[in-house]
Structures are given as structure tokens and as C-alpha cells.
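One-letter residues, chain by chain:
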There are 2 protein chains.
Amino acid sequence: MARKTAMRRTGCPINFGLEIFGDRWTLLILRDLLLQNKRRFQELLNSDEGIATNILADRLKRLEAAGVIDRSSDPADGRKVIYRATEKGVALVPVLLEIAAWGATHDAKTDAPADFVPGFKADRAGTIAAFTARLRDD
Amino acid sequence: MARKTAMRRTGCPINFGLEIFGDRWTLLILRDLLLQNKRRFQELLNSDEGIATNILADRLKRLEAAGVIDRSSDPADGRKVIYRATEKGVALVPVLLEIAAWGATHDAKTDAPADFVPGFKADRAGTIAAFTARLRDD
């Protein structure tokens, strides 16, 4: 059986993921990084849900420690940092898109574009590839 | 623009989902209900991650209030309750499977069966349909 510790309670692959990103703020940060191509602390801080500065800083550290994002100097201003998804992070695009498709389907007042869910259902692989390519090229 | 309240901060479809299931325990309960066909409070309580009784009870109430699960009398013991995913809940199977595929891919010590990720990648729709059919038939 899997060894149980505070950091690693089971060998379940879902629990493995959730120990890294199983909270609402982390998943919202991943949304901004993966689907909205945000890169800078201030951009992430300005998201509509109103994340607190200390929570954002904490979650970015955790995501970096887990190898999901990395940090580098901002070419536009060397004193600033840009955050980018690693390949391990880019691999979370399908998780975020499935949550988006579920929310857009079940929220009658969603702000999602009307063509998002039909487009995703008709060409799921193509939708994922489009977001993924944008992250790699950017 | 979307109206912002404590319960509904934005019209983002990802945030809509995360306000319902954006925490680790809720997602682990959904794993048990959707992928492991657990139905009873005691079965959910016995999961390897060691959820506390009060957290389990709270999250089940929230999932029921959100229309993701419903309750009925246990045919085997009318004093007991069984929990089942509604169609809105069954529609979360792809989210859970994507998290599982990510975890199984990125955890070198995963307990996931070796054929899970290749099978899911080769036939994602078929894998989802198999889990979904089992929930509806059960």
C-alpha cells in the first residue's frame, strides 16, 4: 500500500494532482496562466475574483515547487518576474477546459462565449491544441 | 459585467465550477462517487485520504444544494441514505478523468494501473462513456 504522510497520503493519481492544485485559488491562477496567457504578478492579481496578494504569492511558490510553472526575468523590466507554465503545467490545459465546459453548460448566466461548448465538443483535441500551442509560442 | 457577490464573483465558467467543487475534499468525494461508485456515507468516510466526518457531511450537503448529487433511502436499510450523482454530477466524469490522467503521468510512484493513461489517450470518449454508463446503470 502507498505510504501515507502529510504530503503524500495515497498513491491515487487524482489525489496526487489535488495535493498540488486542489484549491480554488490555485485553479484560478492556472486558468489565468494557461487559458488567458497572463504572465506577470500584477496581471494575476488583477483577476476579477479578487485574489489576495499573499495568497497569490503563496500559490505561485507552490506551483513552482511542484514544477508546474517556472520564473524568469521579465525582458521588458529585469527587476520583474514572469511566470510561465512548464510542460507539466501545460498538460493541465485539458483539466481547465473540462471545468470550463462544465461551468458554461450548467450556469445559465455564464459569460462564456456561446460557441465555446459546441466548439469544444465538436473538436476537443483541436481546442486543446490551440491553447497549448499559444502557450508554447508565446 | 457580471454581478459580484460572495457566492457569485464572476461569470467565468471555471469560477462557477470551482465555487461548487473547487476544494480538495469535494473533488475526492466526487472521485469516490463518480469513478469508484461509492454510495454510502460510511464508504465515503473510509477513503484512504482520511476525510473527517464533519467535512464529509458538509461537502455532501453543498453538492446536493448545487444539484450535483441527490439523496435517497437505501433500499437495503431504510434508515440509511444513498448518494448518487445527478446528470449534472455525471457530467463531471471528464474533469476527474483528466485530473487522474495528469496525476498518473506525472507521479512516478502512482498506484494507477499502467494501462490507464495509454487507454485514456487512445480512447478518451470510450473511457468516459464506460464510467458514465456504470453510474447510470447502477
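For the structure itself, look to the data block above.
In this report, we go over the structure that sits alongside the text. (Residues numbered from 1 in each chain as written. Chains lettered and ligands numbered in written order. Predicted model: local features only at pLDDT ≥ 70, side-chain atom pairs only at ≥ 80, totals over all residues.)

**Section: the packing of helix H1 (residues 13-21) of chain A against helix H2 (residues 24-34) of chain B**
- For the pair H1(A) and H2(B), interaxial distance at closest approach is 10 Å and the crossing angle is 165°. The orientation of H1(A) relative to H2(B) falls into the category roughly antiparallel. Read as a crossing pair, H1(A) and H2(B) show a hand that is right-handed. For the pair H1(A) and H2(B), contact is made by A:Ile14, A:Asn15 and A:Leu18 and by B:Arg24, B:Leu27, B:Leu28 and B:Arg31, respectively.
- Tallied by class, residues from the contact of H1(A) with H2(B) come to four nonpolar, one polar and two charged. (Axes fitted to C-alpha atoms, helices over the stretch in contact; angles between N-to-C directions. Helix = DSSP H or I, 4+ residues; strand = E, 2+ residues; numbered from the N terminus. Parallel < 35°, antiparallel > 145°, perpendicular 65-115°, else oblique. Left-handed = near helix turned anticlockwise from the far one by under 90°. Contact = placed C-beta atoms within 7 Å. Nonpolar A, V, L, I, M, F, W, Y, C, P; charged D, E, K, R; others polar.)

**Comments concerning the nonpolar core**
- Of all hydrophobic cores here, the largest spans 60 residues; its most connected members are A:Leu30, A:Leu96, B:Leu30 and B:Leu96.
- Setting aside residues up to four positions removed in sequence, B:Leu96 forms contacts with A:Ile14, B:Leu30, B:Arg31, B:Leu34 and B:Leu35. (Core = buried A, V, L, I, M, F, W, Y, C linked by C-beta atoms within 7 Å. Buried ≥ 20, exposed ≤ 12 C-beta atoms within 10 Å, placed from the backbone.)

**Quick notes on the relation of the copies chain B and chain A**
- Mapping chain B onto chain A calls for a rotation angle of 180° and an axial translation of 0.0 Å; the resulting RMSD is 0.0 Å. Taken together, these values place the two copies in the relation of a two-fold axis. Using C-alpha coordinates, one finds that chain B approaches the rotation axis most closely at B:Asp23, a distance of 2.2 Å.
- Most of the interface of chain B is mirrored in chain A: 100% of its interface residues are interface residues there too. (Least-squares fit on C-alpha atoms with pLDDT ≥ 70 in both.)

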